Amino acid sequence: MKKYVASSVAVLALSAGVGLAEPRPRPTFPNWDYAAGAGVVSDYLFRGVSQSARDPSFNAYFEPRLNLNPDLQLYAGIAYNSIRFANGARSEIDFYGGVRPTFGKLTLDVGFWYYYYPSGTCFNSAVAGCSPTLANGNIIKADVSFWEVYFKPSYAFSDAFAIGGNLAYSPDFLNTGANGTFASVTAKYTFPAWPNGIAMYVSGELGYQWLGTSDAFYGNINYADYATWNVGVGFTWKVVTLDLRYTDTNLNKGDCNAFTSDHTATGVFTTPINPAPLPGSNWCNARFTARLSADITGASFK
């Protein structure tokens, strides 16, 4: 009798919804999401080389995402970085897109990236239609835009620790005529959040950039390959991140100048691909940087 009464009460409770939590709706697929963010950094470094002439840089991005199922995402995006190139270009506008499949703890990211640098001026006294060679002897094309394809795997051993990799290839890096291949390994460890909600992480990257031979505009020079690495610590609070990082390369000042056409380069630093009286550039030297950024996703508002 007691079992019968208890069962009847349960049925009534279910019918009336008394004391029961509302069932959560399951996500439906496909569905849309997005990521967006903006920040400022003390020096915009790309694979260890300054893109902002050692000055601060502003950046922002917007990335719509389409989740076809819980383990497959398509995405496209646009990003902006303020720069200071030798040809006078002051903006980098990136267009990119790809696919991110997930297999348990393994996530893959395969895509295409176009780097667009508008409003540049050609500097080369030996080429018709160009402005005179820069005062320090360097030359550069008006258009240094280029594209590359990339592959970025990552594996999460736990919620705290993950390793990853980057592989990118361009047949015409920075429109120099030289092909470029970049490969790196990354690691990141995130500590448990403190009571005030601040979380701390440490991360690092070790990479290598292979570069081919330039076209005739730059003298058919075989650019120096180089290694680059960085290590840093970051602090996150809600959507805000402060990242403090040390970055370096093994490029000397002469080979760095040949690669970058640095308009701020000074002195004389002679190498086989940077003959006298060409200067040396510090755009590839060791650097401490600080980045403050904010990032959101559509899912964080649901």
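Residues numbered from 1 in each chain as written. Predicted model: local features only at pLDDT ≥ 70, side-chain atom pairs only at ≥ 80, totals over all residues. Heavy atoms only, no water.

## Focus on the nonpolar core
Here is step 1 of the chain: One finds Tyr 117, Val 144, Phe 173, Leu 174, Tyr 218, Tyr 223 and Phe 259 to be the most contacted residues of the largest nonpolar core, which totals 41 residues.
Here is step 2 of the chain: Looking at this core, the elements that each hand over two or more residues are strand E5 (72–82), strand E8 (110–116), strand E9 (146–151) and helix H2 (253–260).
Here is step 3 of the chain: If sequence neighbours within four positions are ignored, Val 144 has contacts with Phe 85, Asn 87, Tyr 117, Leu 174, Asn 175 and Tyr 218. (Core = buried A, V, L, I, M, F, W, Y, C linked by side-chain atoms within 4.5 Å. Buried < 20%, exposed > 50% of the residue type's maximum accessible area, 1.4 Å probe, protein only. Helix = DSSP H or I, 4+ residues; strand = E, 2+ residues; numbered from the N terminus. Contact = heavy atoms within 4.5 Å.)

## A word on the pairing of strand E14 (residues 226–237)
Here is step 1 of the chain: In terms of strand pairing, strand E13 (residues 199–211) meets E14 through 11 bridges, oriented antiparallel. When the bridges of E14 are listed, Gly 204 appears paired with Val 231.
Here is step 2 of the chain: With 10 bridges connecting them, E14 and strand E15 (residues 240–249) associate as antiparallel partners. Each residue of the ladder has a partner; that of Gly 232, found in E15, is Arg 245.
Here is step 3 of the chain: Hairpin connection of E14 to E15: two residues between the antiparallel strands, including Lys 238 at a positive phi of 55°. (Pairing = 2+ DSSP bridges.)

## Quick notes on the pattern of salt bridges
A side chain with one charge may pair with a side chain of the opposite charge, provided their charged atoms come close.
Here is step 1 of the chain: Tallied over the entire structure, the rule returns nine salt bridges.
Here is step 2 of the chain: One salt bridge connects Arg 84 with Asp 55, and the closest N-O pair in it is separated by 2.7 Å. Note that Arg 84 is positioned in the loop between E5 and strand E6 (91–103) and Asp 55 in the loop between strand E3 (49–50) and strand E4 (57–69), a separation of 29 residues in sequence.
Here is step 3 of the chain: Given a relative accessible area of 26%, Arg 84 falls into the partly exposed group.
Here is step 4 of the chain: For Asp 55, a relative accessible area of 30% puts it in the partly exposed group.
Here is step 5 of the chain: Among the ionic pairs, Lys 141 bridges to Asp 215, the shortest N-O distance being 2.5 Å. (Salt bridge = Lys/Arg side-chain N within 4 Å of Asp/Glu carboxyl O.)

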